[in-house]
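Architecture and fold: a report
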There are 2 protein chains.
Amino acid sequence: MSLPALLDRLADIHNLDQAGALLNWDQRTYMPPRGSEPRAKQLATLAKLSHDLLVSQQTQDLLAAAEAAATHFPSGSKERAMLRVARRNMDKATKVPTALVVALTETASRAEDVWQQARADNNYPAFAPWLDKLLDLKRQYAAAVMPNVPIFDALLDDFEEGMTAAELNPLFDTLKAHGIPLVAAIQSRGKKISSDILTQHFDPAAQQAFCAFILKECGFPFDRGRLDTSVHPFCTNFSQNDVRITTRWEPNWLPGALFGCLHEMGHAFYELNIAPEYEATPLASGVSLGVHESQSRLWENLVGRSREFWIRYYTHLQKAFPSQLSAIPLDAFYESINRVAPSFIRVEADEVTYNLHIILRYEMEQALLNRQLSVTDAPAAWNEKLHKYLGITPPTDREGILQDVHWAFGGFGYFPTYSLGNVLAAQLFQSASHDLPTLRTDIQSGHFAGLLDWLRIHVHQHGKRYQPRALVLQATGKPLSTDAYLNYLTDKFGAIYRL
Amino acid sequence: MSLPALLDRLADIHNLDQAGALLNWDQRTYMPPRGSEPRAKQLATLAKLSHDLLVSQQTQDLLAAAEAAATHFPSGSKERAMLRVARRNMDKATKVPTALVVALTETASRAEDVWQQARADNNYPAFAPWLDKLLDLKRQYAAAVMPNVPIFDALLDDFEEGMTAAELNPLFDTLKAHGIPLVAAIQSRGKKISSDILTQHFDPAAQQAFCAFILKECGFPFDRGRLDTSVHPFCTNFSQNDVRITTRWEPNWLPGALFGCLHEMGHAFYELNIAPEYEATPLASGVSLGVHESQSRLWENLVGRSREFWIRYYTHLQKAFPSQLSAIPLDAFYESINRVAPSFIRVEADEVTYNLHIILRYEMEQALLNRQLSVTDAPAAWNEKLHKYLGITPPTDREGILQDVHWAFGGFGYFPTYSLGNVLAAQLFQSASHDLPTLRTDIQSGHFAGLLDWLRIHVHQHGKRYQPRALVLQATGKPLSTDAYLNYLTDKFGAIYRL
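In terms of regular secondary structure, chain A is built from 21 helices and three strands. In summary, chain A has a C-alpha radius of gyration of 23 Å against a globular reference of 23 Å for 499 residues, a match within 12%. C-alpha atoms of chain A, sized along the principal axes, occupy 70 × 50 × 50 Å. Intrachain contacts of chain A at a sequence separation of at least 6 include 73% that bridge at least 24 residues.

This is the structure:
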């Protein structure tokens with residue numbers, strides 16, 4: 001009975017973390033403004049107790065005893081997987097000295113404030129010393145947690161287990177070799193697609209009603225989830241039966257909330273469909289950020305930005321916004337939501353240019369961590385790269401190196417998971433299309449149950465049971481590859497831009 | 001530095017409990033229906049960890065060390081008060097055997113389910129064995145926690161520190177001796193006041209808007225609090241800067257939400273105005289249920305059901321509900337919200353009959369705990385008492401002994417705090433009126449800052465620093481007495497019913 005005793009203890013830790021997740025959700029949705037200072041202390045207490053409980057001698061003994069008895073369980077069993085993930089979490093938690101954890105948390109928290117101000121003031125030099133500190137602390141962290149691998153790989157592993165720069169490099173090279181000429185071809189083709197349709201005034205309450213309708217249509221279970229409002233869209237969950245998404249309602253930018261909801265819904269489906277027996281165990285969540293992002297991108301782009309989807313739902317959207325859309329034909333709407341144009345800001349980028357933004361960050365992070373690039377020279381390097389990849393130069397650092405929060409919280413190694421998500425989304429959609437020959441007409445008819453079930457069976461239900469690499473192989477029959485994704489981009493945007 | 005170390009530890013425990021409070025609030029307001037089972041487990045984990053941390057040897061040592069060093073602090077200082085409350089909490093937590101705590105929690109949880117079904121089915125015999133079990137467990141609890149006092153006093157002490165039946169008896173005798181003839185006099189006077197005005201259809205959204213307006217008028221700080229919707233109204237807080245109230249919007253009963261909001265607002269003001277330096281310390285909450293209830297009753301009844309209040313706000317209410325109220329004069333409205341009539345259900349009772357409902361429960365609880373009354377005979381005893389005090393007999397146990405949840409969760413000793421609240425509300429209001437000669441005209445002008453400040457200075461700010469008895473003496477210059485309350489009832493209802 002050593003595994004059940006371990007799982008009981010891990011469930012307590014899990015429950016503490018889920019309570020913290022609710023405190024975070026509440027802070028971003030309903031908490032009155034002045035509640036934030038005590039809330040930060042409550043979150044700190046929960047995080048501290050969770051960490052203390054995990055690294056306690058008692059939990060370490062429970063884990064060791066369960067591992068010693070693990071020969072009872074067949075190789076590949078869920079029990080072995082639980083022990084593998086528990087060991088991984090334990091090692092990550094115990095290998096890093098407490099002083100370093102504290103320094104990272106405190107520095108990241110202060111750096112994020114500094115970054116916010118620096119971005120507002122377009123003052124990169126104010127942020128630079130904090131970026132330097134964080135890089136240094138993260139180098140120490142990497143050395144502590146995975147001393148025998150390159151720094152970047154150690155950091156990446158926190159977000160994408162088992163992934164390495166050596167595996168990413170050829171993949172990103174291919175994306176770059178395909179992306180740069182595709183953008184250029186679209187630019188030189190001269191076809192102008194306007195986004196004016198999307199920048200009209202769209203009443204937020206009507207947006208909210210329409211998004212709730214779309215979520216229901218796609219199968220989002222409102223008895224196990226919610227849709228709320230927050231400044232930054234996110235998805236969080238407190239159990240498999242309580243998964244919540246948020247978005248913001250921009251009155252003059254329809255795609256923000258609409259595709260934001262579909263994106264977060266993709267994340268939500270993953271957490272909603274993990275096998276119930278994994279609840280509160282080490283397997284009870286999505287396996288990596290990349291695989292998670294594949295789910296959000298699949299619903300946002302491959303479903304939500306498809307012509308089939310809007311053949312079904314455009315008349316509904318027109319009814320929701322008659323004065324804005326009744327005179328606009330479906331084709332014009334479809335093109336406007338798929339408009340390609342080089343831009344400065346990653347989160348506003350289209351499907352074609354998006355990965356070039358990621359590759360820029362990926363290359364810079366490695367250069368910064370490996371001391372091939374100094375913090376002082378980083379803004380110029382950023383601008384040079386953006387010009388090389390997209391042909392444009394940010395007018396200020398606010399539209400350049402200061403735009404993203406990730407580095408300010410020490411999230412080095414995080415960005416690649418966005419592109420991994422894009423690539424994997426296409427590969428999964430291709431496999432699903434193969435198994436479900438009517439998939440495109442199903443979408444056109446508003447039938448999503450087949451796709452959702454396919455994703456549940458091949459991805460969602462497994463939680464963290466298989467490592468990302470094994471999961472991809474099992475779900476699609478091949479290793480991760482850019483083939484499906486490049487075909488998707490070429491076909492879709494070739495048609496739109498008549499290349 | 002032994003006190004700071006203790007306070008750090010107690011703040012962790014406090015933060016765990018506040019996180020639990022947020023989980024509870026969310027469960028009652030926004031949680032999707034199917035989230036409840038994992039939520040219960042998360043709450044159980046938080047409660048267990050909080051209890052374990054409190055009774056741990058380390059916390060006991062910290063407390064003992066801080067007490068040993070307490071001679072540094074003057075008698076009556078806030079530090080001494082913190083140690084007194086911490087010792088009280090520690091003793092209550094450690095004196096009760098863990099097996100008994102578990103038995104009580106589990107039995108109460110199951111008994112509440114049984115009670116809910118028994119009430120729905122009007123089936124007291126189904127609930128009786130559970131009531132018996134709970135009485136037995138509570139007798140054991142009393143013997144463990146305060147072995148040298150009567151059972152009832154030990155239970156009462158959990159809700160009202162230092163209060164005893166010996167002190168309550170004369171107080172309740174006076175209330176009974178005054179209340180029974182007052183009800184009879186009102187009945188025999190023959191003046192009919194109708195509640196038809198209040199049972200018209202009132203749009204819930206309009207009720208909500210009006211209640212939010214009233215809360216703002218009274219000074220409820222929406223940057224430090226919220227108003228939400230739940231099945232049962234309540235007030236909770238996660239810090240002094242995050243105090244939330246809820247109510248339900250009954251479409252055919254205006255007073256429900258309206259006075260429910262004012263009631264919960266009174267509770268909220270207490271928690272909002274505790275001295276900031278007490279945040280997360282043992283002093284960081286209202287001192288007892290009775291004193292808390294005095295705050296809710298004061299705003300609900302002495303302010304909210306006063307003629308002065310409606311001289312100010314009735315035209316606003318008429319504007320919010322023109323078709324329902326524009327033809328109804330202020331006097332008729334005022335009388336309808338103060339209508340006196342014997343009724344079966346405590347929570348719907350008017351100010352005059354309310355305490356007789358409490359006294360009935362108070363007398364029965366003591367008889368049950370002392371084995372002078374059997375669980376089998378309890379329904380008949382209930383009905384007999386109600387007939388004696390109010391001249392009516394419940395048609396079924398659903399309108400009798402099965403109506404309240406308190407006994408089903410083991411809350412014996414809880415009911416008296418409602419009447420203590422009524423009595424103390426009047427005594428505090430009398431003192432405030434003495435210090436603020438313009439209080440009645442202030443209310444009539446919608447100026448509540450003076451009253452709120454008086455309550456903050458004399459009651460709220462102190463948190464748990466003084467025991468209830470000392471607080472009352474300090475705030476009003478005399479011990480708790482029914483004088484002010486009986487005068488208030490006689491004056492108000494004498495005028496309404498022209499006695």
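Picking up after the structure, the text goes on.
Okay, the relation of the copies chain A and chain B next. For the pair chain A and chain B, the relating rotation is 180 degrees, the translation along its axis is 0.0 Å, and the fit reaches an RMSD of 0.0 Å. Classification of the inter-copy transformation places it as that of a two-fold axis. Residue Ala19 of chain A of chain A places its C-alpha closer to the rotation axis than any other residue of that unit, at 3.4 Å. Interface overlap between copies: 100% of the residues of chain A at the interface are likewise at the interface in chain B, consistent with a symmetric, same-surface contact.

On to the sheet that holds strand β2 (residues 234-239) of chain B, then. Residue and element names in this part refer to chain B. Taken in spatial order, the three strands line up as β1-β3-β2 in an open sheet, and their pairing is mixed. A strand with exactly one partner marks an edge of an open sheet, and here the two such strands are β1 (225-229) and β2. Taking each pair of neighbouring strands and ignoring which way they run, the sheet shows an average axis angle of 20 degrees. Strand direction decides the pairing type here: β1 and strand β3 (residues 242-247), joined by five bridges, are parallel. Each residue of the ladder has a partner; that of Arg226, found in β3, is Arg244. Sheet contacts for helix α1 (residues 2-29): β1, β2 and β3; angle to β2, the most-contacted strand, approximately 140 degrees.

Glancing now at the interface of chain A and chain B. Across the contact, 30 residues belong to chain A and 30 residues belong to chain B. Broken down by secondary-structure element, the contributors of at least two residues to the side of chain A that touches chain B are α1 (2-29), α2 (36-55), β1 (225-229) and β2 (235-239) of chain A. Sort the elements by how many residues they give to the side of chain A that touches chain B and α1 of chain A lands first, with eight residues. In terms of residue class, the side of chain A that touches chain B is made up of 13 nonpolar, eight polar and nine charged.

Residues and elements named next belong to chain A. As far as domains go, chain A holds domain 1 (1-95) and domain 2 (107-499). Distance from the C-alpha centre of domain 1 to the C-alpha centre of domain 2: 28 Å. Each partner contributes to the interface: domain 1 provides 20 residues, whereas domain 2 provides 17 residues. Every element with two or more residues in the side of domain 1 that touches domain 2 is listed here: α1 and α4 (78-95). Broken down by element, the residue count for the side of domain 1 that touches domain 2 peaks at twelve residues, all from α1. Here the side of domain 1 that touches domain 2 is composed, by residue class, of ten nonpolar, six polar and four charged.

All names here are of chain A. Strand order across the open sheet formed by three strands is β1-β3-β2, with mixed pairing between neighbours. Whereas interior strands pair on both sides, the edge strands pair on one side only; in this sheet they are β1 and β2. Going across the sheet, the axis of each strand differs from the next one's by a mean of 20 degrees, ignoring polarity. On top of the sheet, α1 reaches β1, β2 and β3 (242-247); it is set at about 140 degrees to β2, its chief contact. Sheet strands touched by helix α10 (residues 254-272): β1, β2 and β3. Its angle to β3, the strand with the most contacts, is close to 165 degrees.

Turning our attention to unusual backbone geometry. Residue and element names in this part refer to chain A. At Asn122, a residue that is not glycine, the phi angle is positive and equals roughly 50 degrees. In this fold, Asn122 is placed in the loop between α5 (98-121) and α6 (124-145). For Arg371, which is not glycine, the phi torsion reads 60 degrees and is therefore positive. Among the secondary structure elements, Arg371 is positioned in the loop between α15 (351-369) and α16 (378-390).

Residues and elements named next belong to chain A. Between its first and last C-alpha atoms helix α9 (residues 204-218) spans 21 Å; for 15 residues at 1.5 Å apiece the expected length is 21 Å, and the two agree. Looking at α9, one finds that the buried residues are Gln207, Phe210, Cys211, Ile214, Leu215 and Cys218. Angular distribution of buried residues about the axis of α9 spans 140 degrees; they occupy a single face of the element. Of the exposed residues in α9, those oriented more than 90 degrees away from the buried face are Ala205, Ala209 and Lys216. Buried residues along α9 sit against β1, α10 and α12 (307-320).

With that out of the way, let us pick up the nonpolar core. With 105 residues, the main nonpolar core has Cys261, Met265, Ala268, Leu424, Ala426 and Leu428 of chain B as its most contacted residues. Looking at which element gives the most residues to this core, the answer is helix α10 (residues 254-272) of chain B, with eleven residues. Judged by nonpolar contacts, the second largest core, of 104 residues, contains Phe210, Leu254, Leu369 and Leu471 of chain A.

This part covers the packing of helix α2 (residues 36-55) of chain B against helix α4 (residues 78-95) of chain B. All names here are of chain B. Between α2 and α4, whose axes approach to 9 Å, the crossing angle comes to 105 degrees. Classified by the angle between their axes, α2 and α4 sit roughly perpendicular to one another. Where α2 abuts α4, its residues His51, Leu54 and Val55 lie against Asn89, Met90, Ala93 and Thr94. A class-by-class count of the residues in the contact of α2 with α4 yields four nonpolar, three polar and no charged.

This next bit is on the pairing of β3 of chain B. Residues and elements named next belong to chain B. Most of β3 is tucked away, with six of its six residues classed as buried. Taking every second residue as pointing to the same face, both faces of β3 are buried, with Asp242, Arg244 and Thr246 on one and Val243, Ile245 and Thr247 on the other. Across five bridges, the pairing between β2 and β3 is antiparallel. Counterpart to Phe234 in the pairing with β3 is Thr246.

A few words on the environment of His232 of chain A. Residues and elements named next belong to chain A. Mapped onto the fold, His232 is located in the loop between β1 and β2. What makes His232 exposed here is the crowd of 11 C-beta atoms within 10 Å. A C-alpha to C-alpha distance of 23 Å links His232 and Asn123, two positions 109 residues apart in sequence.

Attention now moves to helix α21 (residues 483-497) of chain B. Residue and element names in this part refer to chain B. Across its 15 residues, α21 extends 21 Å between first and last C-alpha, which sits within 8% of the 21 Å expected from 1.5 Å per residue. Those residues of α21 lying buried are Ala484, Tyr485, Tyr488, Leu489, Phe493 and Tyr497. Down the axis of α21, the buried set is contained in an arc of 160 degrees. They therefore lie on one face. Facing away from the buried side of α21 by more than 90 degrees, the exposed set consists of Asn487, Asp491 and Ala495. In this structure, the buried residues of α21 make contact with α8 (165-189), α15 (351-369) and α17 (416-435). Looking one or two residues beyond α21, the residue adopting positive phi is Arg498, at roughly 50 degrees.

Okay, the packing of α5 of chain A against α6 of chain A next. Residue and element names in this part refer to chain A. Two numbers describe how α5 lies on α6: the axes approach to 9 Å, and their chain directions differ by 155 degrees. As far as their axial angle goes, α6 and α5 are roughly antiparallel. The crossing of α5 and α6 is left-handed. Along the contact surface, α5 presents Leu100, Ala103, Leu104, Thr107, Ala108, Ala111, Val114, Trp115, Gln117 and Ala118, while α6 presents Tyr124, Ala126, Phe127, Trp130, Lys133, Leu134, Leu137, Gln140, Tyr141 and Ala144. Across the contact of α5 with α6, the residue classes break down as 16 nonpolar, three polar and one charged.

Moving on, we get to the confidence of the model for chain A. The predicted model of chain A averages 96 in pLDDT, with 100% of residues at 70 or higher. The ipTM value of the predicted complex is 0.93, and its pTM value is 0.94.

Attention now moves to the environment of Asp203 of chain B. Following the sequence through the fold, Asp203 of chain B ends up in the loop between α8 and α9 (204-218). C-alpha of Asp203 of chain B to C-alpha of Gly421 of chain B: the two residues are 218 residues apart in sequence and 32 Å apart in space.

Conventions we followed
Residues numbered from 1 in each chain as written. Chains lettered and ligands numbered in written order. Predicted model: local features only at pLDDT ≥ 70, side-chain atom pairs only at ≥ 80, totals over all residues. Helix = DSSP H or I, 4+ residues; strand = E, 2+ residues; numbered from the N terminus. Rg over C-alpha atoms; globule rule 2.2 N^0.38 Å. Contact = placed C-beta atoms within 7 Å. Least-squares fit on C-alpha atoms with pLDDT ≥ 70 in both. Pairing = 2+ DSSP bridges. Axes fitted to C-alpha atoms, helices over the stretch in contact; angles between N-to-C directions. Nonpolar A, V, L, I, M, F, W, Y, C, P; charged D, E, K, R; others polar. Domains from an automatic or database assignment. Expected span 1.5 Å × (residues − 1). Buried ≥ 20, exposed ≤ 12 C-beta atoms within 10 Å, placed from the backbone. Arc of directions from axis to C-beta. Core = buried A, V, L, I, M, F, W, Y, C linked by C-beta atoms within 7 Å. Parallel < 35°, antiparallel > 145°, perpendicular 65-115°, else oblique. Left-handed = near helix turned anticlockwise from the far one by under 90°. pLDDT = per-residue confidence, 0-100.

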